[in-house]
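Understanding the architecture of this molecule
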Amino acid sequence: MAPLDEHLTGVRDATAALLDSLAGLTDADAREPSLLPGWTVGHVLTHIARNADGVRGMIEAATRGDVVPMYPSVEARQEGIETGADRPAADLVADVRATAEGLDASWPAGGAPAWQGNGVTLAGLLPVAEMPFRRWREIEVHRADLGLAFTWADWSAAYVERELPVALAGTPERTPDGRPVQVGGDDPRHVLAWLLGRADAPAGRPDLGPWTP
(Lines give C-alpha, C1' and ligand atoms only; values in the text may rest on other atoms or scores of the structure.)
Protein backbone atom coordinates (compact mmCIF):
# COMPACT_ATOMS: atom_id res chain seq x y z
CA MET A 1 0.00 0.00 0.00
CA ALA A 2 1.36 3.44 -0.97
CA PRO A 3 2.00 5.79 1.97
CA LEU A 4 -0.79 8.15 0.90
CA ASP A 5 -3.32 5.32 0.71
CA GLU A 6 -2.09 4.02 4.06
CA HIS A 7 -2.51 7.45 5.65
CA LEU A 8 -6.04 7.82 4.29
CA THR A 9 -6.91 4.38 5.63
CA GLY A 10 -5.40 5.39 8.97
CA VAL A 11 -7.53 8.55 9.11
CA ARG A 12 -10.69 6.65 8.30
CA ASP A 13 -10.06 3.84 10.76
CA ALA A 14 -9.07 6.21 13.57
CA THR A 15 -12.09 8.43 12.94
CA ALA A 16 -14.48 5.49 12.96
CA ALA A 17 -12.97 4.25 16.22
CA LEU A 18 -13.22 7.72 17.79
CA LEU A 19 -16.87 8.08 16.84
CA ASP A 20 -17.69 4.60 18.12
CA SER A 21 -16.06 5.50 21.44
CA LEU A 22 -18.19 8.65 21.75
CA ALA A 23 -21.48 6.75 21.70
CA GLY A 24 -23.16 7.48 25.01
CA LEU A 25 -21.10 10.58 25.79
CA THR A 26 -23.07 12.64 28.31
CA ASP A 27 -23.23 16.36 28.92
CA ALA A 28 -21.42 15.77 32.21
CA ASP A 29 -18.64 13.90 30.37
CA ALA A 30 -18.27 16.82 27.96
CA ARG A 31 -17.74 19.26 30.84
CA GLU A 32 -14.99 17.14 32.42
CA PRO A 33 -11.38 18.39 32.20
CA SER A 34 -9.38 16.81 29.40
CA LEU A 35 -5.67 16.03 29.69
CA LEU A 36 -4.87 19.30 27.93
CA PRO A 37 -4.43 22.22 30.37
CA GLY A 38 -7.43 24.52 30.44
CA TRP A 39 -9.48 22.43 28.03
CA THR A 40 -12.51 20.29 28.74
CA VAL A 41 -13.57 17.27 26.71
CA GLY A 42 -15.84 19.69 24.85
CA HIS A 43 -12.86 21.86 23.91
CA VAL A 44 -10.96 18.90 22.48
CA LEU A 45 -13.93 17.64 20.47
CA THR A 46 -14.60 21.12 19.11
CA HIS A 47 -10.94 21.43 18.16
CA ILE A 48 -11.09 18.12 16.28
CA ALA A 49 -14.12 19.36 14.36
CA ARG A 50 -12.65 22.77 13.53
CA ASN A 51 -9.41 21.06 12.46
CA ALA A 52 -11.43 19.04 9.94
CA ASP A 53 -13.02 22.23 8.62
CA GLY A 54 -9.61 23.86 8.29
CA VAL A 55 -8.06 20.93 6.44
CA ARG A 56 -11.07 20.69 4.15
CA GLY A 57 -10.80 24.37 3.33
CA MET A 58 -7.14 24.01 2.36
CA ILE A 59 -7.89 20.98 0.18
CA GLU A 60 -10.79 22.63 -1.60
CA ALA A 61 -8.62 25.68 -2.28
CA ALA A 62 -5.82 23.48 -3.63
CA THR A 63 -8.34 21.84 -5.96
CA ARG A 64 -9.02 25.32 -7.37
CA GLY A 65 -5.31 25.99 -7.63
CA ASP A 66 -5.29 28.33 -4.62
CA VAL A 67 -3.38 28.38 -1.33
CA VAL A 68 -5.35 29.47 1.74
CA PRO A 69 -4.75 29.50 5.49
CA MET A 70 -6.19 26.78 7.70
CA TYR A 71 -7.36 29.39 10.21
CA PRO A 72 -7.68 33.15 9.70
CA SER A 73 -5.58 33.74 12.83
CA VAL A 74 -4.55 32.27 16.16
CA GLU A 75 -7.30 34.31 17.78
CA ALA A 76 -9.96 33.05 15.37
CA ARG A 77 -8.91 29.45 15.99
CA GLN A 78 -9.16 29.86 19.75
CA GLU A 79 -12.45 31.74 19.54
CA GLY A 80 -13.98 28.94 17.48
CA ILE A 81 -12.95 26.37 20.05
CA GLU A 82 -14.17 28.41 23.02
CA THR A 83 -17.48 29.18 21.33
CA GLY A 84 -18.27 25.52 20.70
CA ALA A 85 -16.85 23.87 23.80
CA ASP A 86 -19.94 24.16 26.04
CA ARG A 87 -22.45 22.66 23.62
CA PRO A 88 -24.47 19.57 24.59
CA ALA A 89 -22.63 16.28 24.11
CA ALA A 90 -24.91 15.22 21.26
CA ASP A 91 -24.09 18.42 19.36
CA LEU A 92 -20.37 17.98 19.93
CA VAL A 93 -20.40 14.42 18.62
CA ALA A 94 -22.60 15.36 15.66
CA ASP A 95 -20.13 18.14 14.78
CA VAL A 96 -17.15 15.78 14.90
CA ARG A 97 -19.03 13.28 12.73
CA ALA A 98 -20.30 15.77 10.14
CA THR A 99 -17.01 17.59 9.72
CA ALA A 100 -15.10 14.30 9.46
CA GLU A 101 -17.48 13.11 6.76
CA GLY A 102 -17.09 16.40 4.92
CA LEU A 103 -13.33 16.15 5.09
CA ASP A 104 -13.35 12.55 3.88
CA ALA A 105 -15.43 13.55 0.87
CA SER A 106 -12.98 16.34 0.03
CA TRP A 107 -9.80 14.27 -0.34
CA PRO A 108 -8.67 14.55 -3.97
CA ALA A 109 -8.97 11.58 -6.29
CA GLY A 110 -5.82 9.52 -6.78
CA GLY A 111 -3.28 11.36 -8.92
CA ALA A 112 -5.27 14.61 -8.88
CA PRO A 113 -3.20 17.81 -9.26
CA ALA A 114 -4.46 19.03 -5.89
CA TRP A 115 -2.12 16.54 -4.18
CA GLN A 116 0.75 18.72 -5.45
CA GLY A 117 -0.75 21.82 -3.83
CA ASN A 118 -0.27 23.43 -0.45
CA GLY A 119 -2.15 25.01 2.41
CA VAL A 120 -0.95 27.28 5.19
CA THR A 121 -1.18 26.26 8.85
CA LEU A 122 -0.28 28.45 11.80
CA ALA A 123 3.18 26.83 11.61
CA GLY A 124 3.68 27.55 7.91
CA LEU A 125 3.27 25.93 4.50
CA LEU A 126 1.81 22.39 4.51
CA PRO A 127 1.70 20.21 1.37
CA VAL A 128 -1.69 18.65 0.67
CA ALA A 129 0.06 15.28 0.40
CA GLU A 130 0.99 15.52 4.09
CA MET A 131 -2.51 16.40 5.28
CA PRO A 132 -3.87 12.85 5.63
CA PHE A 133 -1.03 11.92 7.99
CA ARG A 134 -1.47 15.14 9.95
CA ARG A 135 -5.19 14.45 10.33
CA TRP A 136 -4.46 10.86 11.39
CA ARG A 137 -2.16 12.22 14.10
CA GLU A 138 -4.85 14.69 15.14
CA ILE A 139 -7.38 11.93 15.73
CA GLU A 140 -5.07 9.45 17.48
CA VAL A 141 -3.36 11.96 19.76
CA HIS A 142 -6.42 14.00 20.68
CA ARG A 143 -8.51 10.91 21.29
CA ALA A 144 -6.05 10.11 24.08
CA ASP A 145 -6.09 13.76 25.18
CA LEU A 146 -9.82 13.48 25.91
CA GLY A 147 -8.92 11.64 29.11
CA LEU A 148 -11.66 9.06 28.65
CA ALA A 149 -11.01 5.31 28.42
CA PHE A 150 -8.58 5.54 25.48
CA THR A 151 -4.92 6.38 26.26
CA TRP A 152 -1.64 6.59 24.38
CA ALA A 153 -1.10 2.94 25.30
CA ASP A 154 -4.03 2.20 22.95
CA TRP A 155 -2.65 4.03 19.91
CA SER A 156 -2.92 1.84 16.82
CA ALA A 157 0.16 -0.08 15.80
CA ALA A 158 -0.11 1.38 12.29
CA TYR A 159 -0.05 4.94 13.63
CA VAL A 160 2.89 4.29 15.96
CA GLU A 161 4.83 2.64 13.14
CA ARG A 162 4.39 5.72 10.97
CA GLU A 163 4.76 8.42 13.62
CA LEU A 164 7.66 7.14 15.69
CA PRO A 165 10.36 7.57 13.00
CA VAL A 166 9.08 11.09 12.35
CA ALA A 167 9.22 11.98 16.04
CA LEU A 168 12.65 10.38 16.49
CA ALA A 169 14.07 12.31 13.52
CA GLY A 170 13.44 15.58 15.34
CA THR A 171 15.08 14.62 18.61
CA PRO A 172 18.66 15.84 17.94
CA GLU A 173 17.30 19.39 18.24
CA ARG A 174 15.70 18.55 21.58
CA THR A 175 18.31 16.53 23.49
CA PRO A 176 20.97 18.20 25.66
CA ASP A 177 23.85 16.63 23.70
CA GLY A 178 22.27 16.84 20.26
CA ARG A 179 22.20 13.09 19.86
CA PRO A 180 19.09 11.37 18.51
CA VAL A 181 16.88 9.34 20.82
CA GLN A 182 16.79 5.60 20.20
CA VAL A 183 13.86 3.35 21.09
CA GLY A 184 16.10 0.74 22.68
CA GLY A 185 14.23 -1.70 24.89
CA ASP A 186 11.44 0.69 25.81
CA ASP A 187 7.83 0.30 24.72
CA PRO A 188 7.52 2.17 21.38
CA ARG A 189 4.17 3.65 22.42
CA HIS A 190 5.67 4.99 25.64
CA VAL A 191 8.61 6.47 23.75
CA LEU A 192 6.28 8.11 21.25
CA ALA A 193 4.00 9.46 23.98
CA TRP A 194 7.05 10.95 25.71
CA LEU A 195 8.33 12.49 22.47
CA LEU A 196 4.90 14.04 21.83
CA GLY A 197 4.70 15.43 25.37
CA ARG A 198 1.99 13.00 26.43
CA ALA A 199 3.91 10.91 28.99
CA ASP A 200 6.78 11.14 31.44
CA ALA A 201 10.16 9.98 30.16
CA PRO A 202 10.93 6.28 30.37
CA ALA A 203 13.49 5.51 33.09
CA GLY A 204 16.94 6.84 32.29
CA ARG A 205 15.85 9.05 29.43
CA PRO A 206 17.10 12.66 29.16
CA ASP A 207 15.03 15.80 29.45
CA LEU A 208 13.81 17.03 26.08
CA GLY A 209 13.01 20.39 24.62
CA PRO A 210 9.43 21.01 23.48
CA TRP A 211 7.88 19.03 20.67
CA THR A 212 6.88 20.97 17.56
CA PRO A 213 4.23 19.24 15.43
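Structure: above.
In what follows, the accompanying structure is described. If you're wondering where the values come from, they're calculated on a predicted model, not measured in any experiment.

For the pair helix H3 (residues 41-63) and helix H4 (residues 74-84), interaxial distance at closest approach is 8 Å and the crossing angle is 130°. The angle between H3 and H4 falls in the class oblique. For the pair H3 and H4, the sense of crossing is right-handed. On H4, the residues touching His-43, Thr-46 and His-47 of H3 are Arg-77, Gly-80, Ile-81, Glu-82 and Gly-84. A class-by-class count of the residues in the contact of H3 with H4 yields one nonpolar, five polar and two charged.

Moving on to the pairing of strand S1 (residues 118-121). Every second residue of S1 is oriented toward a common face, the buried set being Gly-119 and Thr-121 and the non-buried set Asn-118 and Val-120. Across four bridges, S1 lies against strand S2 (residues 124-127) in antiparallel orientation. Following the sheet pairing, Thr-121 is matched in S2 by Gly-124. Between S1 and S2, which pair antiparallel and follow one another directly, the connecting turn spans two residues.

This brings us to the nonpolar core. Among the nonpolar cores identified, the biggest contains 39 residues, and Leu-45, Trp-155, Tyr-159 and Leu-192 are the most heavily contacted of them. Contributing elements (two or more residues each) for this core: helix H1 (3-21), H3, helix H5 (89-106), helix H6 (131-145), helix H7 (157-169) and helix H8 (188-195). Ignoring anything within four residues of it in the chain, the contact list for Leu-192 reads Trp-155, Tyr-159, Val-160, Glu-163, Leu-164 and Ala-167.

What the rule picks out here adds up to four aromatic pairs. Taking 6.3 Å as the distance between ring centres and 85° as the angle between the ring planes, the aromatic pair formed by Phe-133 and Trp-136 counts as edge-to-face. Placement of both Phe-133 and Trp-136 in helix H6 is noted, with a separation of three residues, approximately one turn of the helix. Here the two residues Phe-133 and Trp-136 agree in accessibility, since each one is buried. Among the aromatic side chains, those forming a connected cluster through ring pairs are Phe-133, Trp-136, Trp-155 and Tyr-159. The ring of Tyr-71 has Arg-77 sitting right over it, with the charged end atom 6.0 Å from the ring centre. One cation-aromatic arrangement involves Arg-143 over Phe-150; the distance from NZ or CZ to the ring centre is 3.9 Å.

Right, let's get into the environment of Ala-201. With respect to the element layout, Ala-201 can be found in the segment after H8. Note on Ala-201: relative accessible area 36%, which makes it partly exposed. Separated by eleven residues in sequence, Ala-201 and His-190 place their C-alpha atoms 8.1 Å apart.

The rules behind these values
- Here the residue index of a chain counts from 1 through its sequence in written order.
- In keeping with the model being predicted, local features are shown solely for residues with a pLDDT of at least 70 and side-chain atom pairs are shown and tallied solely at 80 or more, while totals for entire chains, interfaces and linings include all residues.
- As a rule here, side-chain values come from all non-hydrogen atoms in the structure, and water together with hydrogens is ignored.
- Lines are fitted to the C-alpha atoms to define the axes, a helix being fitted only along its stretch in contact, and any angle between axes, read from their N-to-C directions, falls within 0 to 180 degrees.
- Note on conventions: DSSP H or I runs of at least 4 residues are helices, E runs of at least 2 residues are strands, and numbering of each starts at the N terminus.
- Roughly parallel means an angle under 35 degrees; roughly antiparallel, over 145; roughly perpendicular, 65 to 115; everything else is oblique.
- Crossings are assigned a handedness: left-handed for a near helix turned anticlockwise from the far helix by less than a right angle, right-handed for a clockwise turn.
- Note on contacts: a residue pair qualifies if any of its non-hydrogen atoms lie within 4.5 Å across the two residues.
- Residue classes follow a fixed rule: Ala, Val, Leu, Ile, Met, Phe, Trp, Tyr, Cys and Pro count as nonpolar, while Asp, Glu, Lys and Arg count as charged, and any other residue, Gly among them, counts as polar.
- Relative accessibility thresholds used throughout: buried, under 20% of the residue-type maximum; exposed, over 50%; partly exposed, between the two (1.4 Å probe, protein chains only).
- Pairing between strands is defined by DSSP: at least two bridges between the two strands are required.
- Definition used in this section: a nonpolar core is a set of buried Ala, Val, Leu, Ile, Met, Phe, Trp, Tyr and Cys residues joined via side-chain atoms within 4.5 Å.
- What counts as a ring pair is set by centres within 6.5 Å for rings of Phe, Tyr and Trp (its six-membered ring), and what kind of pair is set by the plane angle: stacked under 30 degrees, edge-to-face over 60, tilted for all other angles.
- Whether a charge lies above a ring is judged from NZ of Lys or CZ of Arg, which has to be within 6 Å of the ring centre and within 35 degrees of the ring normal.

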